[in-house]
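# Structural overview for review
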Amino acid sequence: SFVEEAAAAERVEVSCRTEVDVAPARFDPATVAAVEEAARALGYPARRMTSGAGHDAQELAQICPWE
């Protein structure tokens, strides 16, 4: 409704369409931990964060080992 109200106030048309609709993928916990440990061993900080990546990471999540 916000977008519709803003469009009306500005006298413009707004349209929306879905370009990509891909389900999120959860990465293997052991793989995430290994990457985190490797970063710390090299002296780099590590922080886990949610990513909307829809490219290599999403594809690798399908084949990386699961516990």
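Attention in this report is confined to the structure presented alongside it. Remember, predicted model here, so these are calculated numbers, not experimental data. (Residues numbered from 1 in each chain as written. Predicted model: local features only at pLDDT ≥ 70, side-chain atom pairs only at ≥ 80, totals over all residues. Heavy atoms only, no water.)

Before going further, it helps to examine the overall build of the protein chain. In terms of regular secondary structure, the protein chain is built from three helices and zero strands. Reading the secondary structure of the protein chain in the N-to-C direction produces α-α-α. Computed over the C-alpha atoms, the radius of gyration of the protein chain is 20 Å, more than 25% above the 11 Å expected from 2.2 N^0.38 for a compact globule of 67 residues. By principal-axis analysis of the C-alpha atoms, the protein chain measures approximately 55 × 25 × 15 Å. Counting all 67 residues of the protein chain, 13% fall into the buried class. In the protein chain, of all internal contacts separated by at least 6 residues, the share reaching a separation of at least 24 is 73%. For the protein chain, the accessible surface area stands at approximately 6,400 Å², while carbon and sulfur atoms represent 54% of it. The centroid of the 6 positive side-chain charges in the protein chain is displaced by 7 Å from the centroid of its 12 negative side-chain charges. (Helix = DSSP H or I, 4+ residues; strand = E, 2+ residues; numbered from the N terminus. Rg over C-alpha atoms; globule rule 2.2 N^0.38 Å. Buried < 20%, exposed > 50% of the residue type's maximum accessible area, 1.4 Å probe, protein only. Contact = heavy atoms within 4.5 Å. Areas by Shrake-Rupley, 256 points an atom, 1.4 Å probe, with all protein chains shown as cover. Lys, Arg positive; Asp, Glu negative; His and termini not counted. Charge placed at Lys NZ, Arg CZ, Asp CG, Glu CD.)

Our focus in this paragraph is a nonpolar patch on the surface. A contiguous nonpolar surface patch, about 410 Å² in accessible area, is contributed by Phe2, Val3, Val12 and Val14. Positionally, Val3 belongs in helix α1 (residues 2-10). (Patch = residues over 30% accessible without salt bridge, like charges linked within 9 Å, V, L, I, M, F, W, Y side chains within 5 Å. Salt bridge = Lys/Arg side-chain N within 4 Å of Asp/Glu carboxyl O.)

Attention now moves to the environment of Val35. Among the structural elements, Val35 can be located in helix α2 (residues 29-41). Taking relative accessible area as the criterion, Val35 reaches 56% and is therefore assigned exposed. For Val35 and Pro24, which are 11 residues apart along the polypeptide, the C-alpha to C-alpha distance reads 20 Å.

Before going further, it helps to spend a moment on unusual backbone geometry. Phi at Arg11 is positive, roughly 55 degrees, even though this residue is not glycine. Here Arg11 is to be found in the loop between α1 and α2.

Under the criterion given, the structure shown has three salt bridges. The partner of Glu19 in a salt bridge is Arg17, with the nearest N and O atoms 2.3 Å apart. A salt bridge links Arg40 to Glu36, with the nearest nitrogen and oxygen atoms 4.0 Å apart. Of this pair, Arg40 and Glu36 both sit in helix α2, four residues apart, which is roughly one turn of that helix. What you see here is one network of salt bridges that share partners, running through Glu36, Arg40 and Arg48.

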